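# Observations on the three-dimensional arrangement
What follows is the residue order along each chain.
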Amino acid sequence: MRKVLIANRGEIARRIISTCHKLGIETVAIYSDADQDLPFVKEATNAVRIGENQVAQSYLKADEIIQLAIEHQVSDIHPGYGLLSENADFARKVEAAGIRWIGPNADVIEQMGDKIQARQTMKIAGVPVVPGSEEGLTSLEEALQFASLIGYPVMLKASAGGGGIGMVCCEDEQALSHSFENVKKRAQSYFKNDLVFIEKYIPNARHIEVQIFGDDAGNIIHLFERNCSIQRRHQKVIEESPSPLFPQAERVKLLQAAVDAAKAVRYTNAGTVEFIVDAENHFYFLEMNTRLQVEHPVTEAITGFDLVEWQLQVAEGKTLPIKDQTAIKCTGHAIEYRIYAEDPERFLPSPGKLQVLMFPQIENCRIDSGYVEGNRVSPFYDPLIAKLVVFGETREQALANSETVIKDIDIQGVKSNLLLFDRLLQEEMFQSGVYHTSSLTEWLANHKGDKIYGRN
């Protein structure tokens, strides 16, 4: 591995560049007009303009990215997360161009990207799945008939969906009738595939995912779980590991199910198996993300491993640095807070210049940021400013450390969700760990009208 082109931007590009440079590997960053002054552009060995501001005119220009990789004689492409990271066609084109793809092979990406096919694969592997339709639903009548059989509420989902896009909870027949065509149109617009399916809605569920890793020799291990249940509009806001109030016996079963899921598709490189866990701790396969996750620093904090370094080594054909599952230990507790430039009243992005961006330099705290003071948060991309990861020997210590760190962060020029974290850290729901995927939405509804979601 000589030179890696990073087909991404912002904090994840910086994260990959950091490990590459640590290992003596050159990097090529691509950037849009809106990103030309961001740190990742300056920190890469080389940086090349890819296009205009919109993602369709820059970071999604697959053929142009590959051409740049050829021109710069790179040995590998790392897709990061989002954008083209789970695009099987792009992965195939990269390999066809004689460039190594840092991630699972294209067939696995394609197989797991189709949620219906993924469900079928997991059932065969003996991994529990949520009761739902086994094939795509082509008409509203078909959807209504199936929903009446399993009972409301149900989740209407896009088969090719991800990131909460193309997913609607339908409480009754009227809601399903209203949402069906809208979800199909949204799925077609985002994923070029309008196939939808239905799953039984699991009330008061927790969203718990497992970090898995595989190599070409067939070794597959897990790196424990992350609880991602603090969500708004199906988007993760806070993640932590280990998952609070999760019985150890059920945790062991969940971790093994994730390994079984990975083995079923002969998984290689970094991936995540996501589960829904009900109030009785029964778990069900949700999806497999065939890439590095946004929240991977949580796992790095509790294991001490550099997951990007593992990705690079596995891509080169090396075996996993640790193949014995019993040799991998979970130490302490880590919590990640996604700090967004977000309007506190309308829950919309708050782009603008970061007139002040100051993070405390203290122990047990890690900041992964895509910006420095003076940069502009663009309206064209996800408004994530930084990921704050706080560590403690226990969950109680991690919470106490979080409270100290968050109060010392200073962001000015854009609105942010820092005060939300301030408030949540005082709430029994979060302090106790007794929360589920609807908890944040319910809490916000109970505090409607309060100035709780930003510093004004």
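Now for a description of the structure that goes with this document. (Residues numbered from 1 in each chain as written. Predicted model: local features only at pLDDT ≥ 70, side-chain atom pairs only at ≥ 80, totals over all residues. Heavy atoms only, no water.)

### Remarks on the overall build of the protein
When its secondary structure is counted, the protein shows 15 helices and 20 strands. Against the compact-globule benchmark of 23 Å for 456 residues, the protein has a radius of gyration of 21 Å, which places it among compact chains. For the protein, with 456 residues in total, the buried portion stands at 57%. When contacts within the protein are restricted to residue pairs at least 6 apart in sequence, long-range pairs at least 24 apart make up 66% of them. Surface exposure of the protein reaches about 18,600 Å², of which carbon and sulfur atoms provide 48%. (Helix = DSSP H or I, 4+ residues; strand = E, 2+ residues; numbered from the N terminus. Rg over C-alpha atoms; globule rule 2.2 N^0.38 Å. Buried < 20%, exposed > 50% of the residue type's maximum accessible area, 1.4 Å probe, protein only. Contact = heavy atoms within 4.5 Å. Areas by Shrake-Rupley, 256 points an atom, 1.4 Å probe, with all protein chains shown as cover.)

### Considering unusual backbone geometry
With an omega dihedral of -5°, the bond running from Tyr152 to Pro153 counts as a cis peptide bond. One can find Pro153 in the loop between helix H7 (140–150) and strand E6 (154–162). One non-glycine residue, Leu83, lies in the positive phi region at around 50°. Within the element layout of this structure, Leu83 appears in the loop between strand E4 (76–78) and helix H4 (88–96). Leu83 gets classed as partly exposed once you look at its relative accessible area, which sits at 33%. A positive phi angle is found at Phe224, which is not glycine, with a value near 75°. For Phe224, the position within the fold is in strand E10 (residues 220–232).

### Let's talk about the nonpolar core
With 124 residues, the main nonpolar core has Phe90, Phe275, Tyr337, Ile385 and Phe430 as its most contacted residues. Not counting the four nearest positions on each side in its chain, Tyr337 is found in contact with Val237, Ile238, Ala386, Lys387, Leu388, Val390, Ser402, Ile406, Phe421, Leu425 and Phe430. Residues Ala147, Leu176, Val196 and Ile198 belong to the second largest nonpolar core, which totals 13 residues. (Core = buried A, V, L, I, M, F, W, Y, C linked by side-chain atoms within 4.5 Å.)

### Section: the sheet that holds strand E11 (residues 235–241)
Backbone hydrogen bonds are what pair the strands of a sheet, in a parallel or an antiparallel way. The antiparallel open sheet is built from eight strands, whose spatial order is E13-E12-E9-E10-E11-E14-E19-E17. The strands lining the two open edges of the sheet, one partner per strand, are strand E13 (283–289) and strand E17 (365–369). Between one strand axis and the next, the sheet turns through 25° on average, direction left out of account. Here six bridges tie strand E9 (residues 206–214) to E10, and the two strands are oriented antiparallel to one another. Bridged to Gly214 within E10 is Ile220. Most of the contacts of helix H11 (residues 307–315) go to E9, to which it runs at about 40°, and overall it touches E9, E10 and strand E12 (269–277). Across the sheet, helix H12 (residues 395–408) is in contact with E11, strand E14 (333–340), E17 and strand E19 (384–392); its angle to E19 comes to roughly 140°. (Pairing = 2+ DSSP bridges. Axes fitted to C-alpha atoms, helices over the stretch in contact; angles between N-to-C directions.)

### Observations concerning the pattern of salt bridges
The final tally for this structure, using the stated rule, is 35 salt bridges. Here Asp343 and Lys415 are joined by a salt bridge, their closest N and O atoms 3.6 Å apart. Note that Asp343 is positioned in the loop between E14 and strand E15 (352–353) and Lys415 in the loop between strand E20 (410–412) and helix H13 (418–424), a separation of 72 residues in sequence. A cluster of three or more residues bridged by salt bridges with shared partners is formed by Arg15, Lys22, Glu300, Asp306, Glu309, Arg366 and Asp368. (Salt bridge = Lys/Arg side-chain N within 4 Å of Asp/Glu carboxyl O.)

### Concerning the pairing of E14
Most of E14 sits inside the fold, with eight of its eight residues counted as buried. A two-sided burial pattern is seen for E14, the buried positions comprising His333, Ile335, Tyr337 and Ile339 on one face and Ala334, Glu336, Arg338 and Tyr340 on the other. Relative to E14, E11 runs antiparallel, the two being bridged by four bridges. Counterpart to Ser241 in the pairing with E14 is Ala334. Pairing geometry for E14 and E19, over eight bridges, is antiparallel. Paired with Ile339 across the bridge in E19 is Ala386.

### Digging into the environment of Ala341
Inspection of the secondary structure assignment puts Ala341 in the loop between E14 and E15. Since its relative accessible area comes to 0%, Ala341 is described here as buried. Once the C-alpha coordinates of Ala341 and Ile66 are considered, the two residues, 275 residues apart in sequence, prove to be 32 Å apart. Excluding its chain neighbours within four sequence positions, the residues that come into contact with Ala341 are Leu348, Pro349, Ser350, Val377, Pro383, Ile385, Val414 and Lys415.

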